[in-house]
Amino acid sequence: MSLLSVQQARERILSQLSPVGTETLPLAACANRVLGADIIAADDLPLFDNSSMDGFAVRAADFSNAAPASRVTLRVVADIPAGSTPTISLSPGQAARIMTGAHMPQGADAVIPVEDTDFHDRSSGTPAPATVSIEKIVKRGDNVRPRGMDVRAGDAVLKKGNVLKPQDVGLLAMLGFPQVEVYKRPLVALLSSGDELLEAGAPLESGKIRDSNSYMLASLVESAGAEVLRLGIAKDNRESVQALIEQAVLLKADLILSSAGVSVGAFDYVKEVVEADGSLDFWRVNMRPGKPFAFGEYKGIPFIGLPGNPVSAFVGFEVFVRDTIGKLKGISDRIRKRVRVRTEEEILSDGRESYLRAIVHEENGQIIAKLTGHQGSGNLLSLVQANALLIIAAGVKCVPADQEVDAWLL
Ligand code: AMP
Ligand code: MG
């Protein structure tokens, strides 16, 4: 069994996977989905020159000869609500009342907010005044949002591989896309294995424990934007493991994710079953927590075998599986971003790349981190209490107090 760095293991997995393909969905169903094609604007944004204020559209030239602080009075020749198309063209000495978002009339090149005029009545239904007086310096372009200031037709505004944020969905609507091509959500088949495992609701029996991994991993898979296919618990025998894994094939899973049963225990059948109809590599990854880790394929479906200990399974998911699902759904960047945090106390490590459970809080603009509870790979409570994983680099055995280290915020 070879010893790989975390980085080498990641690259080996990611280089063997490709995205699952795209589908076209109504825009309303696209939030958090990954764009399957670049988005090219067919229109300018804004669509037309419009007012950014409720006020009066004017010609700046009418103010250019006015002495500073002198008053200019204009004749109001039109009233332009939002949504209408002005038909008039302003001549010298004329103004039009205009609302926020309304189309600028021909001839006008600036807007004076109503607050800066002698017309203060803003209650609904008030007709426009016959004249308006302004005591202000007005420049061309004031309070006008010109056509195309944000986007020009033909611009590439969103890139293939972007996760659609709510504001992206808003922009797509602004640009008139009723449907969008996005990557399909990968289907991840999840199985637990072990004769000791009981369903969470089953009565306890001596020597048995409840299957917590499948619930935790199902939530992690969902949080990574994939669909979960729960295969259940395989017994520690070949037939049981095979029967479950075959379900993943039948239901066309894009990834099979198991926990436990891939170490060197005498009752670990997952590896046998996968190897019989596929291939499996066992890696010793230079990380903590994380016992041997398995990667391969079963009948062409990628297979990842996580350790059975709950914290190892969680960390293995964050280190390898989150970005694996990302790649399957069209994302090429790392999904979790590192931040720098400051250690409150000295932290000892063992030279492996270590992912330690910590609680962080903000103090004077810095993020301060303190390890939580028992750090053993079966101690799930300390992960429950944590809101971050500190990442201690390989080769480091001691991080002094008040030192910066990398972390993922959970
Ligand atoms: P194994 O990899 O099968 O040697 O399991 C390692 C440890 O993880 C053992 O203590 C198992 O009981 C525990 N374990 C395995 N599967 C699960 C699971 N689904 N939920 C909780 N603990 C588990
Ligand atoms: Mg086992």
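The following refers to the structure shown. What you are looking at is a predicted structure, and each value in this text was computed from that prediction instead of being measured.

This brings us to the overall build of the protein. From N to C terminus, the protein includes eight helices and 28 strands. The C-alpha atoms of the protein give a radius of gyration of 31 Å, which is well past the 22 Å a tight globule of 410 residues would have. Over its C-alpha atoms, taken along the principal directions, the protein stretches across nearly 95 × 50 × 40 Å. Within the span of the protein, comprising 410 residues, buried residues form 45% of the whole. Both charge centroids of the protein, one from 43 positive and one from 50 negative side chains, sit 2 Å from each other.

Surrounding ligand 1, one finds 15 residues, the nearest of these being Glu196, Asp211, Ser212, Gly308 and Asn309. Measuring from an oxygen atom of ligand 1, one finds a side-chain N or O atom of Glu196 at 2.6 Å. A distance of 3.1 Å separates a nitrogen atom of ligand 1 from a polar atom in the backbone of Ser212. Surface burial for ligand 1 is 78%, taken as the share of its 490 Å² of free accessible area covered by protein chains. Where the shell around ligand 1 is concerned, the elements lending two or more residues are strand E13 (187–193) and strand E15 (209–210). Within the shell around ligand 1, the residues separate by chemical class into three nonpolar, nine polar and three charged.

Glancing now at the sheet that holds strand E7 (residues 94–98). Reading across the sheet, the five strands line up as E8-E5-E7-E6-E9 and stay open at both edges, with mixed pairing between neighbours. Of all strands in the sheet, those bounded by a partner on one side alone are strand E8 (110–113) and strand E9 (131–134). Averaged over all neighbouring strand pairs, the angle between strand axes comes to 40°, with direction disregarded. Bridging between strand E5 (residues 55–58) and E8 involves four bridges; their strand directions are antiparallel. The residue of E8 that forms the bridge with Gly55 is Pro113.

Let us look at the side chain of Asp323. Take Asp323: it is sitting in helix H7 (residues 310–328). Looking at Asp323, its side chain comes within polar contact range of the side chain of Arg10, at 2.6 Å. Those residues in contact with Asp323 that lie beyond four places of it in its chain are Arg10, Leu14, Asp333, Arg334 and Ile335.

Attention shifts here to the pattern of salt bridges. Inspection of the entire model under this criterion finds 23 salt bridges. With its nearest N and O atoms 2.6 Å apart, the salt bridge here joins Asp323 to Arg10. With Asp323 in helix H7 and Arg10 in helix H1 (residues 6–14), this residue pair connects regions lying 313 residues apart in the sequence. We classify Asp323 as buried; its relative accessible area is 8%. Given a relative accessible area of 10%, Arg10 falls into the buried group.

The next subject is the packing of H1 against H7. Where H1 meets H7, the axes come as close as 10 Å, and the angle between the chain directions of the two elements is 30°. Classed by the angle they form, the pair H1 and H7 counts as roughly parallel. Where H1 crosses over H7, the handedness of that crossing is right-handed. Seen from H1, the contacting residues are Val6, Ala9, Arg10, Ile13 and Leu14; seen from H7, they are Val319, Phe320, Asp323, Thr324 and Lys327. The residue inventory of the contact of H1 with H7, partitioned by class, reads six nonpolar, one polar and three charged.

Here helix H5 (residues 238–250) contains 13 residues, and its C-alpha end-to-end distance of 18 Å stays within 8% of the 18 Å for a straight helix at 1.5 Å per residue. In this structure, the buried side of H5 is in contact with E13, strand E16 (227–234), strand E17 (255–259), helix H6 (270–276), strand E20 (293–298) and strand E21 (301–306). Measuring from the side-chain oxygen of the N-cap residue of H5 to the backbone nitrogen of Glu239 gives 3.2 Å; that N-cap residue is Asn237. Positive backbone phi, approximately 55°, marks Lys252, located one or two places after H5.

So, how was this worked out
- Residues numbered from 1 in each chain as written.
- Chains lettered and ligands numbered in written order.
- Predicted model: local features only at pLDDT ≥ 70, side-chain atom pairs only at ≥ 80, totals over all residues.
- Heavy atoms only, no water.
- Helix = DSSP H or I, 4+ residues; strand = E, 2+ residues; numbered from the N terminus.
- Rg over C-alpha atoms; globule rule 2.2 N^0.38 Å.
- Buried < 20%, exposed > 50% of the residue type's maximum accessible area, 1.4 Å probe, protein only.
- Lys, Arg positive; Asp, Glu negative; His and termini not counted.
- Charge placed at Lys NZ, Arg CZ, Asp CG, Glu CD.
- Near = heavy atom within 4 Å.
- Polar contact = N/O pair within 3.5 Å; in protein donor to acceptor, adjacent residues only side chain to side chain.
- Areas by Shrake-Rupley, 256 points an atom, 1.4 Å probe, with all protein chains shown as cover.
- Nonpolar A, V, L, I, M, F, W, Y, C, P; charged D, E, K, R; others polar.
- Pairing = 2+ DSSP bridges.
- Axes fitted to C-alpha atoms, helices over the stretch in contact; angles between N-to-C directions.
- Contact = heavy atoms within 4.5 Å.
- Salt bridge = Lys/Arg side-chain N within 4 Å of Asp/Glu carboxyl O.
- Parallel < 35°, antiparallel > 145°, perpendicular 65-115°, else oblique.
- Left-handed = near helix turned anticlockwise from the far one by under 90°.
- Expected span 1.5 Å × (residues − 1).

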